Amino acid sequence: DDGDHVPALVIGSGYGGSVAALRLTRAGIATAVVEMGMAWNTAGPDGKIFCDMLDPDRRSYWLRTRTDQPVGYFLGIDANRSIERYTGVLDSERFAGIRVYQGRGVGGGSLVNGGMAVVPRRDYLAEILPSVDAAAMYATYFPRATAALGVNAVDPAWFETADCYRYARVSRDQARASGYATTFLPNVYDFGYMRQEQAGTVPRSALASEVIYGNNHGKRSLDKTYLAAAAATGRLTITAQHVVTAVAPAPAGGWAVTMNQLATTGGTVATKTVRADRVFFAAGSVGTSKLLVAMRAQGRLPDLPAAVGQGWGNNGNVMVARAQHLWNTTGALQSGMPAVGIDNWADPAGPVFAEIAPFPAGTELWISLYLAITKNPNRAQFAYDSATGTVGLTWRTAQNQPAVAAAKRVFDTINKAQVTVYRSDLFGVNKVWGDDLTYHPLGGCVLGRATDDYGRLPGHPGLYVIDGSLIPGSTGVNPFVTITALAERNIERIIATDLA
Ligand code: FAD
């Protein structure tokens, strides 16, 4: 409430925020989490908490009057529809050159993501985060993260027979026949539950076209793992539908955190300021970077390092789809949780790690969809616009050309070997590459540059960054396990040295 004083305040409830919440509360510290999105725990009139991808309603998007699907077209026609403006679960935040998809709600990205829980390659982690002891990460923090996240693996024998993974087998077999290695992807979705879905013994979720607007069953999202464990300590409070707008030194010591309580239509209901001894920025790569850049520009935290707001990347994301021959059906039933990736990362001419993505339209479409992660070296910055009081991102769509080029090499090879072609009707009219969007915003407050080696903001005792903004633009794989493990490493040190 307005005027409160709390020992620790966490801005955002995604991976970084949830790790902070659990470890701080377990260390005996009362912790307040402030989250701009809703607490997704109440069913709507249809008996469901979340809507599916085939019939999106107001619950789907964050404050939009029209859906903004990542695959936005079909046969070149805009496939989006009008919706009621509401604080829905998926944000497609539009900057000049890129749409950045992010989860909004208690649990952050874990509510909307594909659940793929991939540990990065060790040599690549050492390359992107050279100041981090890789041995400790792989011995201690990755295992700690994957255990707490509830990561599990698909049964390979079941995978080979399940209808819902026909799409993945077709793409995998063609990739292998074209000379590429493939790998199973661990996931936080309960594969035991999915098996029962396939058998028809439980309500369907991953098999009912649920994923990017939330899963009603089966998914071990952060509200069910880290945050539930933190709540069990009795020391956690979560305040949803409150957006933090300012952080500045408090006259009485510590930090004054100002927030707006939001109505479901997006308007401000009330403004509150609380005082916190310690503040953990966990608003995600975009949220944390925007807030800190604004605070520096507005003179509230004028001495933040110049590196705050720099080093942002899209993890080299690019989407593409291939048209299959009529005899290669991809299946009307497709699990929303990807289970296989094409691993061509070792190729020095253009590393690619591509997830075989579902196209869960509920009908046979002969489409093979991919989200490719590439090693795009381009980076962008967040910049404050004093005329509008908003923070923009300098990324230009053309900066994603290296990602397109790398993915093109792989999928041209597959198309040639399989005598197939690209779909050019799904990302626009005559547009093969989904190159203007990312699911993997990373960087903006890079570890060891904007912060010290554990996420402390230099010169600002008690301010910490603990989310994807610490990672310099690329992980080479889907990022949430890396974000979680790095947060585990950093909070352990912070609790031991700053909070003891
Ligand atoms: P987030 O999880 O984004 O959490 C930040 C939280 O802070 C959000 O809840 C946000 O609402 C809140 N917030 C922001 N600003 C404020 C503010 N000012 N005040 C209060 N609250 C605020 N990654 C994988 O590893 N595997 C996958 O399969 C995968 N699939 C994905 C699919 C989709 C559709 C999307 C969008 C992402 C996917 N990702 C995946 C990416 C992954 O979800 C993100 O990398 C991850 O969630 C980032 O974690 P974070 O802690 O940095 O921030």
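What you see is a predicted model; the values in this text were computed from it and never measured. (Residues numbered from 1 in each chain as written. Predicted model: local features only at pLDDT ≥ 70, side-chain atom pairs only at ≥ 80, totals over all residues. Heavy atoms only, no water.)

(A) Examining the overall build of the chain more closely. Looking only at helices and strands, one finds 10 helices and 22 strands in the chain. What you see for the chain is a C-alpha radius of gyration of 22 Å, in line with the 23 Å of a compact globule of 500 residues. Dimensions of the chain, computed from C-alpha atoms along their principal axes, come out at roughly 70 × 50 × 45 Å. Summing over all exposed atoms, the chain offers an accessible surface of approximately 17,900 Å²; the carbon and sulfur share of this is 53%. (Helix = DSSP H or I, 4+ residues; strand = E, 2+ residues; numbered from the N terminus. Rg over C-alpha atoms; globule rule 2.2 N^0.38 Å. Areas by Shrake-Rupley, 256 points an atom, 1.4 Å probe, with all protein chains shown as cover.)

(B) Just the layout of surface pockets, in detail. One number sums up the size of the second largest pocket: a volume of about 240 Å³. Around the second largest pocket sit 19 residues that line it, and D1, D4, A32, T237 and T239 are the ones nearest its centre. Secondary-structure elements contributing two or more residues to the lining of the second largest pocket are strand 1 (5-11), strand 2 (31-34), strand 8 (236-239) and strand 11 (268-281). Looking at side-chain class alone, the lining of the second largest pocket contains nine nonpolar, five polar and five charged residues. (1 Å grid on protein atoms, 1.4 Å probe; cavity = no way out; pocket = protein on both sides within 12 Å on 5 of 7 lines; lining within 4 Å. Points joined across faces, edges and corners; volume = space filled by probe spheres on them. Nonpolar A, V, L, I, M, F, W, Y, C, P; charged D, E, K, R; others polar.)

(C) Seen up close, the environment of V340. Residue position: V340 is located in strand 14 (residues 340-344). Judged by relative accessible area, which is 2%, V340 ranks as buried. Separated by 157 residues in sequence, V340 and T183 have C-alpha atoms that sit 5.6 Å apart. Not counting residues up to four positions away in its chain, the partners in contact with V340 are F159, A168, R172, T182, T183, F184, L185, A354, E355 and I356. (Buried < 20%, exposed > 50% of the residue type's maximum accessible area, 1.4 Å probe, protein only. Contact = heavy atoms within 4.5 Å.)

(D) Looking closely at the environment of D2. Within the secondary structure, D2 is located in the segment before strand 1. The exposure class assigned to D2 is exposed, which follows from its relative accessible area of 53%. For D2 and L365, which are 363 residues apart along the polypeptide, the C-alpha to C-alpha distance reads 53 Å. Setting aside residues up to four positions removed in sequence, D2 forms contacts with K272 and T273.

(E) Quick peek at the sheet that holds strand 13 (residues 318-323). One open sheet holds the six strands; their spatial order is 7-14-15-16-13-19, and the pairing between them is antiparallel. Lying at the two open borders of the sheet, with one neighbouring strand each, are strand 7 (181-184) and strand 19 (421-422). Examined bridge by bridge, strand 14 and strand 15 (residues 352-357) share four bridges and lie antiparallel to one another. Pairing of D343 across the sheet is with F353, part of strand 15. Here helix 5 (residues 166-177) sits on the sheet in contact with strand 7, strand 13, strand 14, strand 15 and strand 16 (367-374), set at roughly 145° to strand 15. Its contacts with the sheet place helix 9 (residues 401-418) against strand 13, strand 14, strand 15, strand 16 and strand 19, and it is angled at close to 15° to strand 13. (Pairing = 2+ DSSP bridges. Axes fitted to C-alpha atoms, helices over the stretch in contact; angles between N-to-C directions.)

(F) Focus on the sheet that holds strand 5 (residues 90-94). Judged by pairing direction, the sheet is mixed, and its three strands sit side by side in the order 5-6-20 without closing on themselves. Edge positions in the sheet fall to strand 5 and strand 20 (437-438), since each has one partner strand and no second.

(G) Seen up close, the site of the ligand. In the neighbourhood of the ligand, 36 residues make up the surrounding shell, with E35, G109, M116, G468 and F480 lying closest. In the environment of the ligand, an oxygen atom lies 3.0 Å from a nitrogen or oxygen atom belonging to the backbone of G16. Here P479 contributes a backbone N or O atom positioned 3.2 Å from an oxygen atom of the ligand. When isolated, the ligand has an accessible area of 1,000 Å², and the protein chains bury 95% of it. Breaking the shell around the ligand down by element, the ones donating at least two residues are helix 1 (15-26), strand 6 (99-103), strand 9 (242-249) and helix 10 (480-497). Its residues assigned to classes, the shell around the ligand shows 16 nonpolar, 17 polar and three charged. (Near = heavy atom within 4 Å. Polar contact = N/O pair within 3.5 Å; in protein donor to acceptor, adjacent residues only side chain to side chain.)

(H) The pattern of salt bridges, seen in detail. Enumeration over the complete set of coordinates arrives at 26 salt bridges. One salt bridge connects E492 with R144, and the closest N-O pair in it is separated by 2.8 Å. Note that E492 is positioned in helix 10 and R144 in helix 3 (residues 134-149), a separation of 348 residues in sequence. Overall, E492 belongs to the partly exposed group, its relative accessible area being 35%. Judged by relative accessible area, R144 falls into the partly exposed class, the value being 29%. The salt bridge involving D425 is made with R423; its shortest N-O contact spans 2.9 Å. One continuous salt-bridge network, built from bridges that share partners, spans D68, R94, R99 and D436. (Salt bridge = Lys/Arg side-chain N within 4 Å of Asp/Glu carboxyl O.)

(I) A look at the packing of aromatic side chains. In this structure the tally under the stated criterion is 16 aromatic pairs. Relative to Y213, the ring of Y61 has its centre 5.2 Å away and its plane inclined at 65°; by these criteria the two rings are edge-to-face. One end of the pair, Y61, is in the loop between strand 2 and strand 3 (73-74); the other, Y213, is in the loop between helix 6 (191-199) and helix 7 (226-231), with 152 residues separating them in the sequence. Between F280 and Y464 the ring centres are 4.7 Å apart and the planes differ by 15°, which places this aromatic pair in the stacked class. Placement of the pair is F280 in strand 11 and Y464 in strand 22 (residues 463-465), with a sequence separation of 184 residues. For the pair F280 and Y464, a shared accessibility class is recorded, and that class is buried. (Phe/Tyr/Trp six-rings, centres within 6.5 Å; stacked < 30°, edge-to-face > 60°.)

(J) Seen up close, the pairing of strand 11. Here strand 1 pairs with strand 11 via six bridges, running parallel. For A8, the partnering residue across the bridge sits in strand 11 and is R278. Both strand 10 (residues 255-262) and strand 11 contribute to a ladder of eight bridges, which runs antiparallel. Note that in strand 11 the partner of L262 across the bridge is T268. As paired elements, strand 11 and strand 22 share three bridges and run parallel to each other. Paired with V279 across the strands is L463, a residue of strand 22.

(K) Quick peek at helix 9. Between the first and last C-alpha of helix 9 there are 25 Å, a value that for 18 residues agrees with the 26 Å anticipated at 1.5 Å per step. If you look at helix 9, its biggest bend is around 25°, right at K408. For helix 9, the complete set of buried residues consists of A403, V404, A406, A407, V410, F411, I414, N415 and Q418. Tucked into the core, helix 9 has its buried residues touching helix 5, strand 13, strand 14, strand 15, strand 16 and strand 19. Of the residues trailing helix 9, V419 is marked for its positive phi of about 55°. (Expected span 1.5 Å × (residues − 1). Bend = angle between axes of the 7 residues up to and from the residue.)

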